[in-house]
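Commentary on secondary and tertiary structure
Each chain, letter by letter, is given below.
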Amino acid sequence: MHPTYSAHSIRVRVGVLALALSAGLAFPTAATATEAVPTPTVEEQRLTQAVPQEILARSGFDAVAPRLARLLAASHSYAQARQAVTREGAALWRRAVDRVQGRGPAGGDLSRDDDRPLYWARLGMTSELRTWQPGFAVTDGQRTALLDTLERTSRGQTDLHHPRHAEGLKRVLVTGFDPFTLDRDIRISNPSGATALALDGTVIQTADGPARVETAMFPVRWRDFADQSVERALRPYLPHVDLFTTVSQGRVGRFDVERTNGAWRGGFPDNENIGRTETVPVADPATQPQWTTTTLPYAAIVAADTGRFPVYDNTSVTEIPAGGAPSGGGAEPVVRPDGPTAGSTARAGGGGNYLSNEIAYRATLLRDRLGLHDSLPGGHVHTPVLQFAAGNTQDVTDPEFVRNRLDIVAQVRAILAVAVAAGR
């Protein structure tokens, strides 16, 4: 997922389509008064448009948010509300996974492979929770904690269940993203999210034996990443898996295995229409590297026949060379086709400088800080842009759109099979 592949390509690639809330995990404290009720966020306000309502109605997910609203209205304490939020968030994730994987009723005529019902239903739930006015006191911190719980549970971040002692079974962790650039086209679907739903809990047969895949989703919001949502979600699991990859939507008509990730945010607006132009904020910035690298077996992945889209080993980055002035003063960013040079300052990784680059940077930095660089294959894969049929500017789906999404998901599965068998 990257509206930009480098600092220079924001304008050029403006047509290209491309995880908990805040760190407010405070335990509930005694509330003395009910705080002012927040208004819906920019993301939540898009729900009133016709396309999200159609997607929800045609999948049966239009009943999800009203159910949570009823349960919140029936709650007589913070503890009851927390129980309802935890249960319903987890149920939404399982329902979305089950729908994509063909279990249970489809709930409508929208194709089962669609990731968008989960996205819009979650926003309906967060909107209900954000504007909920209980008959008892709830502090801002308590409401934030409930929203955080809803975000994490409905994204599968609390549902990563790899068997620890299954002999011969490899463990794979994959992440996906929400749809984004929705003000450009409200109909957008994200193939990385569809992939996460399609692969969660599945077993892939590889040349090195079976591999069980567990997945989670992340939001397209700068603030969540600054609040360490990626690290919080992945840290408990990276030491116990055999391979991981973050996945997002990238360029038209191609997959990319991103060789290098950069410590720079390029400023493109997120799903809240907020941009950030700065060094990627991480814990212990004094030891923060400008670059991290993939440990996925990229040569084997590129060489394999995994599907109809070509797969590239993308080595390009954008940097300010050593001796330049990162904050200005005449140093212009330089595109390096073969990767960064010694001592340079990052301005874009192979995957750009948006949140796809950032999740790759954070996950691989976490890998390295856990001492797993030499033992754990991990990195980032960009999928092709998911495109509608030519001429479709209004319909929320079409046969070519569905075929493209299914083919992308199938090819990610095949890439994982190659990566697991090749190791490092």
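Everything here concerns the structure above.
Residues numbered from 1 in each chain as written. Predicted model: local features only at pLDDT ≥ 70, side-chain atom pairs only at ≥ 80, totals over all residues. Heavy atoms only, no water.

**Here we look at unusual backbone geometry**
- Positive phi is not limited to glycine here, since Thr181 has a value of about 50°.
- Within the secondary structure layout, Thr181 lies in the loop between β1 (170–177) and α7 (191–199).
- Phi at Gln228 is positive, roughly 70°, even though this residue is not glycine.
- Take Gln228: it is sitting in the loop between α8 (222–226) and α9 (229–234). (Helix = DSSP H or I, 4+ residues; strand = E, 2+ residues; numbered from the N terminus.)

**Examining the nonpolar core**
- One finds Trp120, Leu129 and Trp132 to be the most contacted residues of the largest nonpolar core, which totals 42 residues.
- Within the residue set of this core, elements represented by two or more residues are α2 (50–57), α3 (64–73), α4 (78–100), α5 (116–131), α6 (140–154) and α7.
- Per element, the largest residue contribution to this core is 8 residues, and it comes from α4.
- In this structure, Trp120 is in contact with Glu43, Arg46, Leu47, Pro52, Ile55, Leu56, Leu182 and Ile186, ignoring residues within four places of it in sequence. (Core = buried A, V, L, I, M, F, W, Y, C linked by side-chain atoms within 4.5 Å. Buried < 20%, exposed > 50% of the residue type's maximum accessible area, 1.4 Å probe, protein only. Contact = heavy atoms within 4.5 Å.)

**Considerations on the packing of aromatic side chains**
- One pass over the full model with this rule turns up 9 aromatic pairs.
- When the centroid spacing of 4.8 Å and the interplanar angle of 75° are considered together, the rings of Tyr119 and Trp120 count as edge-to-face.
- Taking the centre distance of 6.1 Å and the plane angle of 15° together, the rings of Phe177 and Phe225 count as stacked. With Phe177 in strand β1 and Phe225 in helix α8, this residue pair connects regions lying 48 residues apart in the sequence.
- Relative accessible area serves as the criterion here: at 0%, Phe177 is assigned to the buried category.
- Each member of the aromatic cluster is reached from another via a ring pair, and the members are Phe180, Trp222, Phe268 and Tyr354.
- Lying across the ring of Tyr312, Arg254 places its NZ or CZ 3.9 Å from the centre.
- The cationic tip of Arg259 hangs over the ring face of Tyr298; the distance from NZ or CZ to the ring centre is 3.9 Å. (Phe/Tyr/Trp six-rings, centres within 6.5 Å; stacked < 30°, edge-to-face > 60°. Lys NZ or Arg CZ within 6 Å of the ring centre and 35° of its normal.)

As far as function goes, none of this settles anything; it's purely spatial.
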